[in-house]
Amino acid sequence: LRSKLLRLHQYRVGGQFYCMETMQQRLLKAKRQAHPPSSSSSPPHPAQHSGPEPRIHFALSLGAVSSPDVRLYSVDTLDQDLNAAARAVCARDVTILSNTDTRGVKTVYLPKIFKWHAKDFGANKTEILAFCADFVPEALGAELRGLIQAGATVKIKYQDFDWRRRPYGRPP
């Protein structure tokens, strides 16, 4: 269903017609040139590596209930806009099961976007959780970072994607 939906309509971009799937795969997720490293001692921002920009997945809305909100983006504030979109989705959809199972395993629930585009968010579970930690509310981010630092056993589960069309205005 997802793939069919992405190919359903075409849009003109720069005089060429593209379906959403082509725009997502070839234009928006194209490998980027590496940005020069930051002069600060802080870890590199996701946009400072070459490869697909992971935050783009929070900017692409299919109009479904589980899709990111539709937003306007500006060239002048694109970095802040993508951060805001990532924060909104992660705040809404990333959760940690409050208790561990009998084997001491914590379960983290992520939006289905993280499963579909896992390699864009990190090479492994630890990198994916670290990415999430930067975009969830502070307390949840601290808990995720604590799990990573402790080397805790974490199981990632992905939420079902609700394909129902989002009603006009606020999501249900």
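Right above here is the structure, for reference.
Presented here is a report on the structure given in the accompanying data block. (Residues numbered from 1 in each chain as written. Predicted model: local features only at pLDDT ≥ 70, side-chain atom pairs only at ≥ 80, totals over all residues. Heavy atoms only, no water.)

Re the pattern of salt bridges
Going by this rule: When a carboxyl oxygen of Asp or Glu lies within 4 Å of a side-chain nitrogen of Lys or Arg, that pair is called a salt bridge. Only protein chains enter the accessibility calculation, which uses a 1.4 Å probe; a residue is then buried when its area is under 20% of its type maximum, exposed when over 50%, and partly exposed in between.
As enumerated under the stated definition, the model contains 6 salt bridges in all. The salt bridge partner of R55 is E53, with a shortest N-O separation of 2.9 Å. Owing to a relative accessible area of 2%, R55 belongs among the buried residues under this scheme. Note that R92 is salt-bridged to D93, the shortest N-O span being 2.8 Å. R92 sits in the partly exposed class, given a relative accessible area of 35%. Each of the salt bridges in this network shares a partner with another, and the network as a whole consists of E53, R55 and D79.

Let's talk about the nonpolar core
Rules: In these notes, a set of buried Ala, Val, Leu, Ile, Met, Phe, Trp, Tyr and Cys residues joined through side-chain atoms within 4.5 Å is what counts as a nonpolar core. Note on conventions: DSSP H or I runs of at least 4 residues are helices, E runs of at least 2 residues are strands, and numbering of each starts at the N terminus. Contacts between residues were defined by any pair of non-hydrogen atoms, one from each residue, lying within 4.5 Å.
By size, the foremost hydrophobic cluster in this structure holds 24 residues, and its most contacted members are F58, V94, V108, L110, F114 and L144. Elements with a contribution of two residues or more to this core: α3 (78–93), β4 (106–110), α4 (113–116), α6 (125–133), α7 (138–150) and β5 (154–158). When residues in this core are grouped by element, the largest group, 5 residues, is from α6. In contact with V108, other than residues within four places in its own chain, are V94, T95, I96, L129, L144, V154, K155, I156 and K157.

Digging into the side chain of H57
Rule in force here: Two N or O atoms form a polar contact when they lie within 3.5 Å of each other; inside protein one atom must be a possible hydrogen donor and the other a possible acceptor, and for residues adjacent in sequence the pair counts only when both atoms belong to side chains.
Its place among the elements puts H57 in the loop between α2 (20–28) and α3. Under the relative-accessibility criterion, H57 is labelled buried at 3%. In terms of polar contacts, H57 uses its side chain to reach the side chain of D120, at 2.7 Å.

Points about the environment of D160
Assignment of secondary structure puts D160 in the segment after β5. On the basis of relative accessibility, which here comes to 67%, the residue D160 falls in the exposed class. The sequence separation of D160 and S66 amounts to 94 residues, and the corresponding C-alpha distance is 8.5 Å. If near-sequence neighbours (up to four positions away) are discounted, D160 is found in contact with S66 and K112.

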